[in-house]
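Here is what each chain is made of, one letter per residue.
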Amino acid sequence: MLQTLKTYFGYDSFRPLQEEIIRNVLARRDTLVLMPTGGGKSICYQLPALLMEGTTVVISPLISLMKDQVEALRANGIAAAALNSGNSEAENALLRKNCLQGRIKLLYISPERLMGEVNFLLKDINVSLFAIDEAHCISQWGHDFRPEYTQLKVLRKEFPRIPMIALTATADKITRQDILDQLQLKDPRIFISSFDRPNLSLTVKRGYQQKEKMRAILDFIDRHRGQCGIIYCMSRNKTEIVAAALQRHGISATMYHAGLSPAARDRAQEDFINDRVQVVCATIAFGMGIDKSNVRWVIHYNLPKSMENFYQEIGRAGRDGLESDTLLFYSLGDIILLSKFANESSQQEINLDKLHRMQQYAEADICRRRILLNYFGENREYDCGHCDVCLNPPQRFDGTILVQKALSAIVRANERISTHLLVDVLRGNYTHEITSNGFDRLKTFGAGRDVPARDWQDYLLQMLQLGYFEIAYNEDNHLKVTESGRKILFGQEKAMLVVIRRDKEETKKKGQRKKSVEKERPLLKPELREEDDDLFEILRAHRKKLADEQGYPAYIVLSDKVLHLLCSIRPTTVEAFGNISGIGDFKREKYGDGFVSLIRKYLKKQ
Ligand code: ADP
Ligand code: ZN
């Protein structure tokens, strides 16, 4: 097993659970694998496919996913193919012939297509194993339900002796049971790996207004120069606005949402996968089918509606295991809008509850990773040291007077005031809306002039979370002071607020910026020597050239991780090149000479 792992995939050891899973499959037992994105599920059936006689049939929901997997396998010299509607008749005919002659080790197929072949191709070839990828698609409780997946029940009936392995990154219990039931797995062993993604940093920024958000994003991208990322937005409109703003600043950005034509969406996805564009501004429609391993960061421009969505979306960063950053913006406006959606949805209670959990995460002043993992049922008893809360624990101050000012203004406005007007009242702004409502005559008008508007936004968010007032979503979002709010207002209790920390780097000049950031968090680059940016760029350009020649995305040729390793280990012989983790025999022979001679040339010049 280890030798096959090394020869074909270039890895020296298994990740947690991989070996046990593979042994189980090789013993021809049914298996269910729950592993987070990037955990290394593919090898769990690809390695057995190489070791077993016959062809492993992999069921996969999307053509783009199949394409990616097949390309990655072929790039490692493994005979893999996909049977799908994207192929021409002639291609499919040739493929059938190869299958019948037993020349294909892994055959990818969509569930629809599979149904058509159950009594034909599949009966004629020697199937070693059925692997059902993205198995949660079978469950209507899951978020990616695909009716075609329910037809997979047929497999057990038609092929009672052939082992099955189902794999997914969605772990909830209902979905899990649904998979077992529907596929009728026989006495299955279930492997659940940790859902932690330690290479993802977690940061939340609260109460930013549009302009500040944009500035923070530009800053963030500046710190991630040349690195690909995704910005998730709540609406189609926002994706367009953000993409346009980035373009104006010379950043190559595109957008992706369900309102675009299929052709435009495909183009955006292809451009992103092939590193032709650095940033995709997208709605939640974007993501499934993105196997791109070198997404280096994910930003949430708006709060997601649930922790499931959030975790899945940030999970698209750092699949190669390298350090990747995530950033979530959280504002009062988002909460108001999302609550409205949840209230109007058919599953009101569940959706409000999910939103509430998301809000708690964003508001948290304890380690965010602990909250995340606990949410997904994994008990974690220590802090991660790698989220913004761990790095900069929040400080509190006695904010009773601030809170009293705000609550008193609400009461004096007869609780018929929304947050943005409230801020105007506190700041003493004579806007038309203020004067026409007579709010400028309130005793509290201008009582909070000394606090900037954006800080008021933040304090109000904290007050909402502390339960001092509620928002009546069905009454023009008017604010209502609660019982605990009244206790503060009448001086019976104190209100402790969190000190607002604005990022220093956002106000500093460019040159200074970099340093403060690096100090903030040391980059966990893979290994050894300081890397040299020049060498990295040379190797990266070479990789791009090879990718373009073959029509592959760059990360299929070599992953970012391998590129970094090359940069620090600097192999000068093809043999040493082949020893690098992630380079199997096939890639060694194919690319070794080229990379080694570039490295030698570079070293000579030093
Ligand atoms: P998943 O399907 O679970 O999202 P993948 O199978 O795509 O994850 O694997 C994620 C990344 O981890 C890939 O780049 C893969 O090559 C790498 N990987 C998998 N197994 C190992 C291993 N044993 N050692 C090193 N890297 C691995
Ligand atoms: Zn933490």
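The paragraphs below set out a description of the structure included in this document. (Residues numbered from 1 in each chain as written. Chains lettered and ligands numbered in written order. Predicted model: local features only at pLDDT ≥ 70, side-chain atom pairs only at ≥ 80, totals over all residues. Heavy atoms only, no water.)

1. Concerning the site of ligand 1
Item 1. Tyr11, Ser13, Gly38, Ser42 and Arg319 are the nearest of the 14 residues found near ligand 1.
Item 2. For ligand 1, whose accessible area on its own is 570 Å², the fraction buried by protein is 81%.
Item 3. Grouping the amino acids of the shell around ligand 1 by side-chain chemistry returns four nonpolar, seven polar and three charged. (Near = heavy atom within 4 Å. Areas by Shrake-Rupley, 256 points an atom, 1.4 Å probe, with all protein chains shown as cover. Nonpolar A, V, L, I, M, F, W, Y, C, P; charged D, E, K, R; others polar.)

2. Things to note about the sheet that holds strand 11 (residues 279–282)
Item 1. Read across the sheet, six strands follow the order 8-13-12-9-11-10 without closing on themselves; strand pairing throughout is parallel. With one partner strand each, in any of the chains shown, strand 8 (200–206) and strand 10 (253–256) form the two edges of the open sheet. Across the sheet, the mean angle separating the axes of adjacent strands is 15 degrees when strand polarity is ignored.
Item 2. Where strand 10 and strand 11 come together, four bridges link them in parallel fashion. Note on strand 11: the bridge partner recorded for Ala253 is Val279. (Pairing = 2+ DSSP bridges. Helix = DSSP H or I, 4+ residues; strand = E, 2+ residues; numbered from the N terminus. Axes fitted to C-alpha atoms, helices over the stretch in contact; angles between N-to-C directions.)

3. Points about the sheet that holds strand 3 (residues 80–83)
Item 1. An order of 3-4-2-5-6-1-7 is seen for the seven strands of this open sheet, with the pairing classed as parallel. Both outer strands of the open sheet, strand 3 and strand 7 (189–192), are each paired with one neighbouring strand and no more. Put simply, the sheet's adjacent strands are angled 20 degrees from each other on average, direction ignored.
Item 2. Inspection of the sheet shows strand 2 (residues 55–59) paired to strand 4 (residues 106–109) by four bridges, in the parallel sense. Residue pairing for strand 4: Val58 is matched across the bridge by Tyr108.
Item 3. Seen against the sheet, helix 3 (residues 42–51) touches strand 2, strand 4, strand 5 (127–132) and strand 6 (164–168) and runs at an angle of roughly 135 degrees to strand 4.
Item 4. Against the sheet, helix 4 (residues 63–75) touches strand 3 and strand 4, its axis set at about 160 degrees to strand 3. (Contact = heavy atoms within 4.5 Å.)

4. Describing the coordination of the zinc ion (ligand 2)
Item 1. Ligation of the zinc ion (ligand 2) by protein atoms is provided by Cys367 (SG), Cys384 (SG), Cys387 (SG) and Cys390 (SG), these donors lying 2.4 Å from the ion.
Item 2. Seen from the zinc ion (ligand 2), its four donor atoms lie at angles of 101 to 120 degrees, and the figure they make is tetrahedral.
Item 3. One chain supplies every donor for the zinc ion (ligand 2), spaced along it as C-x16-C-x2-C-x2-C. Taken together, the residues Cys367 in the loop between helix 15 (348–363) and helix 16 (368–375) and Cys390 in helix 17 (residues 388–391) connect sequence positions 23 residues apart.
Item 4. Residue class for Cys390 comes out partly exposed when judged on its relative accessible area of 22%. (Donors = N, O, S within 2.8 Å, 3.2 Å for Na, K, Ca; no water. Tetrahedral: all angles 85-135°; square planar, octahedral: opposite > 155°, others 65-115°. Buried < 20%, exposed > 50% of the residue type's maximum accessible area, 1.4 Å probe, protein only.)

5. Here's the deal with helix 11 (residues 236–248)
Item 1. Counted at 1.5 Å a residue, the expected span for helix 11 with its 13 residues is 18 Å, and the 19 Å between its end C-alpha atoms agrees.
Item 2. In the stretch just after helix 11, Gly250 is the one whose phi turns positive, near 75 degrees. (Expected span 1.5 Å × (residues − 1).)

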